[in-house]
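# Topology and contacts: notes
Listed below are the residues making up each chain.
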2 protein chains.
Amino acid sequence: MSTPASSAAGRGESRSGMRDALVAAAITLFEERGFDATTVDDIVARAGVGRRSFFRYFPSKESVVFPDHEGALRRMSEFLADEAGFEQDPVARVCDAARMVLAMYAADPAFSLARYRLTREVPALRTHELAEVRRYESALAAFLRARYAGRADGGLRADVVSAAVVAAHNHALRSWLRSGGQGDPAEVVEHALEWVRATYSDEVPSAPRGAEAEEDVLVVVARRGTPMWRVAQQVQEALS
Amino acid sequence: MSTPASSAAGRGESRSGMRDALVAAAITLFEERGFDATTVDDIVARAGVGRRSFFRYFPSKESVVFPDHEGALRRMSEFLADEAGFEQDPVARVCDAARMVLAMYAADPAFSLARYRLTREVPALRTHELAEVRRYESALAAFLRARYAGRADGGLRADVVSAAVVAAHNHALRSWLRSGGQGDPAEVVEHALEWVRATYSDEVPSAPRGAEAEEDVLVVVARRGTPMWRVAQQVQEALS
């Protein structure tokens, strides 16, 4: 998962260095003076590079706050296109793809926290982030749509499951960011993603394998009128 | 649901008339010349009003394409705050709130279709729409968070359910818009929302009421390893 990023850094050390310097200068200035009061000229002056260099790396002032999303989205798309994953349960695969995005945030907690502060304060950045999140969600939905092709409500299921996975991921990510980056975000996200996976997955991975075990019969008795989610929860508990 | 809008129109016929004229002029020009090539000056000239009038009604050129969202969001918030709904199952209530947004689109199919064409072509409008959708989703999530207070994973459940409801609504709305506004969008949305409601609701509305019926016992027998969604589906079928 980290291979493409490492090899990209290896390919062009100086290019990557200039890009990193622009990001660092921008974040520092946005936090010092505010996003609106900082110009692209201020950023290139602080980074010690020419104005044209900025626009070679970033299409806009907003995009410098999300320098890692383009790469993460590309790696996620490659991961989802990998035929090795076609054997895996589609929902579990999509949860794994969401874990890749989390890994990006967890790789640089200080940067992620600075960005979190900025996106909460600057509406333009929040909107930009929404558009980025939407791109991840669309990639997950496209993958699921292909996997659910021919299935009743396949398109609906693809859209709802991808939205649920993204919402669970973002819920966990936000609580980690709100805590100031305390602890391991992977654990919080694990719990949230597992909740969604158990709801929509076609597989019950905790079920015992083998012919004999598969012949086991599970009996659930519930009063008529029991909410379905509670029945599903009981089934899950009985199986694990 | 339509009362607040009607009374607003009644309060200031001419104000509402000027606002409508600006929207109509803007949409016509955006479709004729393109969004980027149309200025606010072009819009006010076509509508026959002063430049300042535009900014009295709309903060930006983008927002004129979404003139009804502010009102729909206000009506949705009022609906969710209404104590009469506190007796209702929270997920069913949130689905009803989503139906209010659909009613806004269905009320003026020609305008909704023109907007759909524009948002597909103009990235700035697509991003603006994402931000609007996010506001609906946040309102639904805040409502659910309050209703799920004290419940295990209440915050996670609130975020995931509201995202699932919005995704289901948008999936159905998009297929209606893609069809060119054929038929009744309410029917398509009904099916999509019911799918989400059945997954997350605390209630099984089709269960028989009354003391005797509640004593009924439901027995589910499944082979160990049966996917949970299939168990849930069978439970639902057995209950209805």
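The rules behind these values
- Residues numbered from 1 in each chain as written.
- Chains lettered and ligands numbered in written order.
- Predicted model: local features only at pLDDT ≥ 70, side-chain atom pairs only at ≥ 80, totals over all residues.
- Helix = DSSP H or I, 4+ residues; strand = E, 2+ residues; numbered from the N terminus.
- Buried ≥ 20, exposed ≤ 12 C-beta atoms within 10 Å, placed from the backbone.
- Contact = placed C-beta atoms within 7 Å.
- Arc of directions from axis to C-beta.
- Core = buried A, V, L, I, M, F, W, Y, C linked by C-beta atoms within 7 Å.
- Axes fitted to C-alpha atoms, helices over the stretch in contact; angles between N-to-C directions.
- Parallel < 35°, antiparallel > 145°, perpendicular 65-115°, else oblique.
- Left-handed = near helix turned anticlockwise from the far one by under 90°.
- Nonpolar A, V, L, I, M, F, W, Y, C, P; charged D, E, K, R; others polar.
- Expected span 1.5 Å × (residues − 1).
- pLDDT = per-residue confidence, 0-100.

### As for the overall build of chain A
The number of helices and strands found in chain A is twelve helices and one strand. In chain A, which comprises 240 residues, the proportion classed as buried is 32%. For chain A, the proportion of contacts with a sequence separation of at least 24, taken over those separated by at least 6, is 64%.

### A short note on unusual backbone geometry
Residues and elements named next belong to chain A. At Asp153, a residue that is not glycine, the phi angle is positive and equals roughly 60 degrees. In this fold, Asp153 is placed in the loop between helix H8 (123-147) and helix H9 (154-178). Accessibility expressed as a C-beta count within 10 Å gives 14 for Asp153, which makes it partly exposed.

### A look at helix H3 (residues 40-47) of chain A
Turning to H3(A), its buried residues are Ile43(A), Val44(A) and Ala47(A). For H3(A), the arc enclosing every buried residue in end-on projection is 90 degrees, short of the 170-degree limit, so these residues lie on one face.

### Quick look at the nonpolar core
Core analysis: the largest hydrophobic core is formed by 72 residues, its most contacted members being Ala164(A), Val165(A), Ala164(B) and Val165(B). Each residue touching Ala164(A), except ones within four places of it in the same chain, is listed here: Val196(A), Val160(B), Ala163(B) and Ala164(B).

### Quick word on the environment of Ser138(B)
Position of Ser138(B) relative to the elements: it lies in helix H8 (residues 123-147). In sequence terms Ser138(B) and Ala158(B) are 20 residues apart; their C-alpha atoms lie 9.7 Å from each other.

### Section: the packing of helix H5 (residues 69-81) of chain B against helix H6 (residues 90-107) of chain B
Residues and elements named next belong to chain B. Where H5 meets H6, the axes come as close as 10 Å, and the angle between the chain directions of the two elements is 155 degrees. It follows from the interaxial angle that H5 and H6 lie roughly antiparallel. Relative to H6, the crossing made by H5 is right-handed. Every residue of H6 that contacts H5 at Ala72, Arg75, Met76, Phe79 and Leu80 is listed here: Ala97, Met100, Val101 and Met104. For the contact of H5 with H6, the class distribution of residues is eight nonpolar, no polar and one charged.

### Points about H6(B)
An ideal rise of 1.5 Å per residue puts 26 Å on 18 residues; H6(B) measures up with 26 Å between its terminal C-alpha atoms. Buried residues of H6(B): Pro90(B), Val91(B), Arg93(B), Val94(B), Cys95(B), Ala97(B), Ala98(B), Val101(B), Leu102(B) and Tyr105(B), and no others.

### Here we look at the confidence of the model for chain A
Regions with low pLDDT carry predicted coordinates that are not meant to be interpreted in detail. Residue and element names in this part refer to chain A. Chain-level pLDDT for chain A is 85 on average; 78% of the residues reach the 70-or-more range. Note on residues 1-13: pLDDT is under 50 here. Beyond four places in sequence and across chains, it has six contacts. Confidence drops under a pLDDT of 50 for residues 205-214, and excluding neighbours within four residues, the segment shows eleven contacts in the predicted structure. On the interface metric, ipTM, the complex scores 0.81, and its pTM is 0.81.

### Details of the environment of Glu187(A)
All names here are of chain A. When you line up the elements, Glu187 lands in helix H10 (residues 185-200). Looking at Glu187, the number of C-beta atoms within 10 Å reads 10, which means it is exposed. Between the C-alpha atoms of Glu187 and Leu80, which are 107 residues apart in sequence, the distance is 23 Å.

### Description of the packing of helix H5 (residues 69-81) of chain A against H8(A)
All names here are of chain A. In contact at an axis separation of 10 Å, H5 and H8 are set at 5 degrees when each is read in the N-to-C sense. Judged by the angle between their axes, H5 and H8 are roughly parallel. For the pair formed by H5 and H8, the contact residues are His69, Leu73, Met76, Ser77 and Leu80 on the first element and Glu132, Arg135, Tyr136, Ala139 and Phe143 on the second.

### What to know about the environment of Phe143(B)
All names here are of chain B. Note on placement: Phe143 falls in helix H8. On the basis of neighbour count, Phe143 is assigned to the buried category, with 22 C-beta atoms found within 10 Å. When the C-alpha positions of Phe143 and Asp108 are compared, they lie 28 Å apart, and in sequence the two are 35 residues distant. Ignoring sequence-local partners within four residues, the contact set of Phe143 consists of Leu80 and Val94.

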